[in-house]
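What the coordinates show
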Amino acid sequence: MAEEKKLSYEKIEELREQFDQFDQDRNGHITVNELGNVMKACGESVPGYKLREMVEAVDKDKNGTVEFDEFIKMYTQAANESTKDFRKAVEKRANVKKLTGTSASTAEGTTHSFSDGEYTAFVDWINTTLHKDDFLVKNSYLPVDHVPENHQLFERCDDGILLCKMINRSVKDTIDERAINFKKLDLYRKHANQTLVLNSARAIGCNIINIGPEDLIEGRAHLVMGLLWQIIRIGLFAKITLKDCPGLLRLAVEGENVQDLLKLSPEELLLRWFNHHLATAGVSRRVKNFAGDIKDSECYIILLKQIAPAKYMLSTDALKESELSKRAELMLDDAEKMGCRQFVSAKDVTSGHPKLNMAFVANLFNTYPALEPIEVDEDMDVYVETREEKTFRNWMNSLGVEPFVNNLFNDLSDAIPLFQLFDKIKPGIVQWSKVNKAPFKAIGGKMKKIENCNYAVELGLKLKFSLVGVGGQDIHDGIKTLTLALIWQMMRAYTLTILTSLANSDKPISDKEIIEWVNNVLQGTDKTSSISSFKDPTISNSTAVIDLVDAIEPESINYENVCLGVTEEAKILNAKYAISMARKIGASVYALPEDLVEVKPKMVMTVFACLMAAAFDEERKVVTDDAAATVHEAQAKLEES
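All chains use their own residue numbering, which begins from 1 and follows the written sequence. Reporting of local features is limited, given that this is a predicted model, to residues whose pLDDT is at least 70; pairs of side-chain atoms are given and counted only at 80 or more, and all residues count toward the totals for whole chains, interfaces and linings. Hydrogen atoms and water are omitted, and side-chain values are computed over all heavy atoms in the structure.

Right, let's get into the overall build of the protein chain. Put simply, DSSP marks the helices as runs of H or I at least four residues long and the strands as runs of E at least two long, and each gets a number from the N terminus on. Of regular secondary structure, the protein chain possesses 29 helices and 6 strands. With 641 residues in all, the protein chain has 52% of them scored as buried. Here the contacts in the protein chain between residues at least 6 apart in sequence split such that 60% fall between residues at least 24 apart. A total accessible area of about 29,600 Å² is found for the protein chain, and carbon and sulfur atoms account for 51% of it. Each residue is placed in one exposure class: buried if its accessible area under a 1.4 Å probe, protein chains only, is under 20% of its type's maximum, exposed if it is over 50%, and partly exposed if it falls in between. Contacts are residue-level and defined by heavy atoms, with any inter-residue pair within 4.5 Å sufficient. Throughout, the Shrake-Rupley method with a 1.4 Å probe supplies accessible areas, and for residues the shown protein chains are the sole cover considered.

As a further point, take the environment of Ile-211. Its place among the elements puts Ile-211 in the loop between helix H10 (187-203) and helix H11 (213-217). As for Ile-211 and Val-224, which are separated by 13 residues in sequence, their C-alpha atoms are 8.9 Å apart.

Here we take up the packing of helix H14 (residues 266-280) against helix H15 (residues 298-307). Here an axis means a line fitted to C-alpha atoms, over the contact stretch when the element is a helix, while the angle between two N-to-C directions is reported on a 0 to 180 degree scale. Axis separation between H14 and H15 bottoms out at 9 Å; the angle between their running directions is 80°. Compared by their axis directions, H14 and H15 come out roughly perpendicular. Here Trp-273, Phe-274, His-277, Leu-278 and Thr-280 of H14 lie close against H15, whose contacting residues are Cys-299, Tyr-300, Ile-302, Leu-303, Gln-306 and Ile-307. As a working rule, the residues Ala, Val, Leu, Ile, Met, Phe, Trp, Tyr, Cys and Pro are called nonpolar, Asp, Glu, Lys and Arg charged, and the rest polar, with Gly in that last group. Along the lines of polarity and charge, the residues of the contact of H14 with H15 split into 8 nonpolar, 3 polar and no charged. Working rule for angles: under 35 degrees goes down as roughly parallel, over 145 as roughly antiparallel, 65 to 115 as roughly perpendicular, anything else as oblique.

Attention now moves to the side chain of Arg-583. Relative to the helices and strands, Arg-583 resides in helix H26 (residues 568-584). Positive charges are assigned to Lys and Arg, negative charges to Asp and Glu, while His and the chain termini are left out of the count. Salt bridges are defined as contacts in which a side-chain nitrogen from Lys or Arg sits within 4 Å of a carboxyl oxygen from Asp or Glu. For the buried Arg-583, which has no salt bridge, the nearest side chain bearing the opposite charge is Asp-595, at an N-O separation of 8.0 Å. With near-sequence residues (within four places) excluded, Arg-583 lies in contact with Thr-174, Thr-195, Leu-196, Asn-199, Ser-200, Ala-203, Val-589, Tyr-590 and Ala-591.

Further remarks concern the pattern of salt bridges. For the coordinates displayed, the defined rule picks out 26 salt bridges. With a closest N to O distance of 2.8 Å, Asp-186 and Arg-189 form a salt bridge. Across the pair Arg-233 and Glu-267 runs a salt bridge, and its minimum N-O distance is 2.8 Å. Pair noted here: Arg-233 is in helix H12 (residues 221-237) and Glu-267 is in helix H14, with a separation of 34 residues, a long-range link. Judged by its relative accessible area of 23%, Glu-267 falls in the partly exposed class. The network of salt bridges with shared partners includes Glu-329, Asp-333, Glu-336 and Arg-341.

Only rings of Phe, Tyr and Trp enter the pairing, Trp through its six-membered ring, and a pair is recorded when the two centres are within 6.5 Å. The plane angle decides the type: under 30 degrees is stacked, over 60 is edge-to-face, the rest tilted. Under the counting rule described, the total for this entry stands at 15 aromatic pairs. Considering the side-chain rings of Tyr-300 and Phe-360, the 5.1 Å spacing of their centres and the 85° angle between planes classify their relative orientation as edge-to-face. With Tyr-300 in helix H15 and Phe-360 in helix H18 (residues 354-367), this pair connects stretches of sequence that are 60 residues apart. A cation over an aromatic ring shows up here: Arg-233 above the ring of Phe-404, its NZ or CZ 4.7 Å from the ring centre. Charge over a ring is defined by NZ of Lys or CZ of Arg lying within 6 Å of the ring centre and within 35 degrees of the ring normal.

Here we take up helix H23 (residues 480-502). When the terminal C-alpha atoms of H23 are compared, their 33 Å separation across 23 residues agrees well with the 33 Å that a helix rising 1.5 Å per residue should span. Asn-504 sits one or two residues past H23 and shows a positive phi near 55°. Expected span, for any helix, means 1.5 Å times one less than how many residues it has.

Our next topic: H10. The end-to-end C-alpha distance of H10, which contains 17 residues, comes to 24 Å, matching closely the 24 Å that a straight helix rising 1.5 Å per residue would cover. Counting buried positions along H10 gives 13 out of 17 residues, so the element sits mostly inside the fold.

Turning our eyes to something else, we now look at the nonpolar core. To form a nonpolar core, buried Ala, Val, Leu, Ile, Met, Phe, Trp, Tyr and Cys residues must be joined to one another through side-chain atoms within 4.5 Å. In terms of nonpolar packing, the biggest core is built from 179 residues, with Leu-153, Trp-395, Met-396, Phe-422, Ile-514, Phe-608 and Leu-611 touching the most fellow members. Take this core: its biggest share by element is 13 residues, from helix H28 (residues 601-618). Residues in contact with Met-396, not counting those within four places in the same chain, are Val-401, Val-405, Leu-408, Leu-412, Leu-418, Leu-421 and Ile-487. In this structure, Phe-22, Leu-51, Met-54 and Val-58 belong to the second largest nonpolar core, which totals 13 residues.

For the rest of this paragraph, the subject is the environment of Glu-329. Among the secondary structure elements, Glu-329 is positioned in helix H16 (residues 324-337). Separated by 11 residues in the primary sequence, Glu-329 and Ala-318 place their C-alpha atoms 9.1 Å from one another. Setting aside residues no more than four positions away along its own chain, Glu-329 makes contact with Arg-341 and Ala-346.

On to the packing of helix H19 (residues 387-398) against H23, then. The geometry of H19 relative to H23 is characterised by a closest axis approach of 11 Å and an angle of 50° between their N-to-C directions. The angle between the axes of H19 and H23 places the two elements in the oblique class. The two elements H19 and H23 cross, and the hand of that crossing is left-handed. Across the interface between the two elements, Glu-388, Glu-389, Thr-391, Phe-392, Trp-395 and Met-396 of H19 pack against Lys-480, Leu-484, Ile-487, Trp-488, Met-490, Met-491 and Tyr-494 of H23. Here the residues of the contact of H19 with H23 sort into 9 nonpolar, 1 polar and 3 charged. The hand of a helix crossing depends on one turn: near helix anticlockwise from the far one by less than a right angle means left-handed, and clockwise means right-handed.

Moving on: the confidence of the model for the protein chain. Residue-level pLDDT values for the protein chain average 87, and 84% of them are 70 or greater. Residue-level confidence of the predictor is what pLDDT reports, using numbers from 0 through 100. This model gives residues 93-112 a pLDDT under 50, and the stretch forms 52 contacts once residues within four places in sequence are excluded.

Let us look at unusual backbone geometry. The residue after Leu-142, namely Pro-143, is reached through a cis peptide bond having omega -5°. Here Pro-143 shows up in the loop between helix H7 (134-138) and helix H8 (152-156). With omega at 0°, the peptide bond leading from Ala-438 into Pro-439 counts as cis. By the element assignment, Pro-439 lies in the loop between helix H20 (416-425) and helix H21 (445-462). With phi around 45°, Lys-184 is a residue other than glycine that occupies positive phi space. Unusually for a residue other than glycine, Ala-370 sits at a positive phi of about 50°. Position of Ala-370 relative to the elements: it lies in the loop between H18 and H19. For Ala-370, a relative accessible area of 40% gives the class partly exposed.

Within the secondary structure, Asp-116 sits in helix H6 (residues 116-129). With relative accessibility at 18%, the residue Asp-116 sits in the buried group. Linking Asp-116 and Val-147, residues 31 residues apart in sequence, is a C-alpha distance of 8.5 Å.

The subject of this paragraph is the side chain of Asn-436. Mapped onto the fold, Asn-436 is located in the loop between H20 and H21. According to the relative accessible area criterion, Asn-436 is buried, its value standing at 16%. Under the rule applied, a polar contact is a pair of N or O atoms within 3.5 Å (in protein, one hydrogen donor and one hydrogen acceptor; residues adjacent in sequence only if both atoms are side-chain atoms). There is a polar contact of 3.0 Å between the side chain of Asn-436 and the side chain of Glu-451.

Set out below in structure tokens:
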């Protein structure tokens, strides 16, 4: 029997990305046709019999397709003659740059890639969306050159300012611009800006594992592109909600209620929207993906005609053009009239570039949804994501859980993301052999998911979580209060695990120890603020957080930016500044300004715990009454007392 090797989670993530490039309809299987499509995109025409042989060599259960576990097995077993052709197919890419990260923050052997088309598309989006920013224009950050070979984008991103602006473009007010270093941009100030970028990106749900400030400063192309895509994607999807587009309800099919509709991922909603307009136009074609189904531009031409305001006088005349590249250009000319040509070139359309075509459709939706609102019955229970739920979801996604969590309750029904988080809280706690893997069959699949959820609760109990009344069925069914109870304890445990490790403690850090540490550091640096608990009402003005940041990183705070008033406006301004400055000095804060103003104890605890972790991690100097000492020494004095 061939010897199997274990794969790291990062490697499995990489293989999932490669698997998805073949699995074009995202149904969890690679078919012979899908393999053939990828080979054609790579410029190779492989005979049908050869494609079948390649699939058969990997298809262990002999069902005619390749599932992800079989795909993984191909890599865990020693290479053999029968699977070598399929492995070679996986490695082939057309017009794709492959690079390996080399910085200390980058996982060894992790391969990232991007195409020239993606570079051009991202640059065009940045130039288009930020062209009214006076600072960027006056200081020659914009426009960025579209030519990939010039690498100008990576140079313009090296000090973090452009990336900060892009984050705020995707999720408004994530970064308080008062926290950004705009002047005297030496290496130290650039590093601080990039630290702010990464922690802010993490807070909006970007997976920045294995990316460090130095990677962005040095312009490591694949990492900058990967981060930019996540930021852009989050921004494009942010408005695909009932709040921003009440007309989404029109996309529900017969037998579906509002909650069923909102369980769909943004990608699925975009496809549903696309097909809604095709149906309205009276055509029979439907799109099932953003790759092969749009290559001939036919559906795009019909979609644009349906959603464009009458003043643009669009037609479907482009369908008369038989040459696909020319037809795509004509279609894009119409998109340009609408101000929506971003993301794709004619080549990206005819080659079926899934990422860029999805972005193109998302931009069309955001600009011209063409969905008349439907009046909602006041008694109808329409789910609207709360601030707390969004924070938890962003935390999960920032840690790279797979699949991406779009709906906190529906997407945890099989507990797969929870197992990945448990493995980060306490590596090795999950016995993966006990986990039922996707895809789940229609018959018996629900029971497999509930078994997973039961196991997730069992793991929580092993970590001494308080889960009275919480069962696997509750997690599977998305019972909000019980699911949130589990997730909060997981987030808390993760935060304290990191803190305990950095503090070199042999036992978990308690809330009391965090509060004592905060007050000790504040007192040791002659600050007048203090906290009595995580419910202390004085926390609402954020002074304690601001002072603690300045104690950890002396002279980092510009106290001219701190409001002395007690109005709600002053409090929110202070909170925005406090959180951005905390992130800037290295604290992985997920809490929002409102959490400080309203003194939400759970989120307040994470803010101070993350600041404590940042202090230990960086070995920064804090000034005590008797001498300069490291934060470790300040903690030692606390323990002695």
